[in-house]
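This is what each chain is made of:
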Amino acid sequence: MKKFSLLAISVMVTVGIAFTSCDSKKSMGSVKLASDVDSVCFIIGKVQASNMKRQLESWPVKGNIEAFMAGFAQGIENTEDSLFLGKDGPAVDAFINGFFQSMQNRVAEDNKVKGEQFLAENKTKSGVITTESGLQYKVITEGTGPKPAEVDTVVVHYVGKYLDGEEFDGSIKRGEPAEFPVNRVIAGWTEGVQLMPLGSKYMFWIPSELAYGPGNQSIQPNSTLEFEVELLEIKKAK
């Protein structure tokens, strides 16, 4: 879930007060916002609810917002009840962790199958070359300069996407090129960049085993990734 800083909440609170304090009788459903305290509570509640709704909708199996609201209301009404559907704290932790692990496993398996199917079809397309490791690439623009070595550092522009076209990373939207040692990145990048003469732009399709494998906090597990890479500069190792 996206977290809001205290400053961000303060800004939203200020905006909320500007709109709600001018009418001490303002109502939101069955709740009257008769003071700044009421306004602040309303705004924070709305922020948290909006974030939770987005989180539930992002699950592989869409979360049930009505079930969440029922649990939330029951928690407010009965703070003394320490059981959750008859489960105590440790049992609840195990139940929730097991649920999210099963979802993670499901996403990983789906991504693996989709990646394998994509690569099998993609390698038959015109201009696509598959290396011995399974890396696939296509030349968009062929440069005329030297190629980097594994010990060199390169400066590149790149865009990284999932197979469905969703962009998850990129230097272009940040407004400046990225710089990194060739041997300090994922295996698909280390191999692929060394194929590129300076001034080239290539498209890479990187199997999950040459990318992030089971994944990390920002990349979905077992994802086959697409990168468009432009090699701008090579800084030779000293």
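Scroll up to find the structure.
Residues numbered from 1 in each chain as written. Predicted model: local features only at pLDDT ≥ 70, side-chain atom pairs only at ≥ 80, totals over all residues. Heavy atoms only, no water.

## A few points about unusual backbone geometry
Trans is the prevailing form of peptide bonds, just as negative phi is the prevailing case for residues other than glycine. Cut-off, in case you're wondering: Numbering of helices and strands runs from the N terminus; a helix is a DSSP stretch of H or I covering at least four residues, while a strand is a stretch of E covering at least two. Note on classification: 1.4 Å probe, protein chains only; a residue is buried when its accessible area is under 20% of the maximum for its type, exposed when over 50%, partly exposed between these limits.
With a phi close to 60°, asparagine 222 is a non-glycine residue in the positive phi region. With respect to the secondary-structure elements, asparagine 222 resides in the loop between strand S8 (201-206) and strand S9 (225-235). Among the residues examined, asparagine 222 registers a relative accessible area of 18% and is labelled buried.

## Here we look at the side chain of asparagine 222
Counted only if it meets this: Throughout this description, a polar contact denotes any pair of N or O atoms lying within 3.5 Å of each other; where both atoms belong to protein, one of them has to be capable of donating a hydrogen while the other can accept it, and for residues adjacent in sequence the pair is counted only when both atoms sit in side chains. By definition, residues are in contact when any of their heavy atoms lie within 4.5 Å.
Side-chain polar atoms of asparagine 222 contact the backbone oxygen of alanine 108, separated by 3.2 Å. Apart from the residues lying within four places of it in its own chain, the contact partners of asparagine 222 are Ala108, Asn111, Lys112, Ser208, Gly213 and Pro214.

## Structural notes on the pattern of salt bridges
This is how the line gets drawn: Salt-bridge detection follows one rule: a side-chain nitrogen of Lys or Arg within 4 Å of a carboxyl oxygen of Asp or Glu.
Across all of its chains, the model carries 5 salt bridges by this definition. Close ionic contact of glutamate 116 with lysine 112 constitutes a salt bridge, the shortest N to O distance being 3.3 Å. Of this pair, glutamate 116 and lysine 112 both sit in helix H4 (residues 89-122), separated by 4 residues, roughly a single helical turn. The class of glutamate 116 is partly exposed, set by a relative accessible area of 47%. The partner of lysine 173 in a salt bridge is glutamate 167, with the nearest N and O atoms 3.8 Å apart. Its relative accessible area of 57% is what places lysine 173 among the exposed residues. Classification of glutamate 167 as partly exposed rests on a relative accessible area of 32%.

## Details of the layout of surface pockets
Here is the rule: Using a grid of 1 Å spacing that covers the protein atoms alone, one calls a set of points a cavity when a 1.4 Å probe fits there but cannot get out, and a pocket when the set is open and has protein on both sides within 12 Å along at least five of seven lines; lining residues are those with an atom within 4 Å of a point. Grid points are joined across faces, edges and corners, and a volume is the space filled by probe spheres set on the points. Residue type decides the class: Asp, Glu, Lys and Arg count as charged, Ala, Val, Leu, Ile, Met, Phe, Trp, Tyr, Cys and Pro as nonpolar, and the leftover types, Gly among them, as polar.
The space that makes up the largest pocket amounts to roughly 1,100 Å³. Taken together, 25 residues line the largest pocket, and the ones lying closest to its centre are Ala67, Phe68, Gly71, Phe84 and Ile96. Looking at the lining of the largest pocket, the elements with two or more residues in it are helix H2 (36-58), helix H3 (65-77) and H4. Top element by residues in the lining of the largest pocket is H3. It accounts for 7 residues. Tallied by class, the residues present in the lining of the largest pocket amount to 15 nonpolar, 8 polar and 2 charged. If you add up the space inside the second largest pocket, you get close to 640 Å³. Around the second largest pocket sit 25 residues that line it, and Val107, Asn111, Gln220, Pro221 and Ser223 are the ones nearest its centre. By residue number, the principal contributor to the lining of the second largest pocket is H4, which donates 9 residues. Across the lining of the second largest pocket, the residue classes tally to 9 nonpolar, 11 polar and 5 charged.

## As for a nonpolar patch on the surface
The condition that has to hold: The patches reported here contain residues having more than 30% relative accessible area and no salt bridge. Joining distances are 9 Å for like charges and 5 Å for nonpolar side chains (Val, Leu, Ile, Met, Phe, Trp, Tyr). What sets the accessible areas is the Shrake-Rupley method with a 1.4 Å probe; for residues, cover comes only from the shown protein chains.
Where nonpolar side chains cluster on the molecular surface, the patch consists of Phe95, Ile96, Phe99 and Phe100 and spans about 360 Å² of accessible area. Note that phenylalanine 95 resides in helix H4.

Geometric values such as these leave the question of function open.
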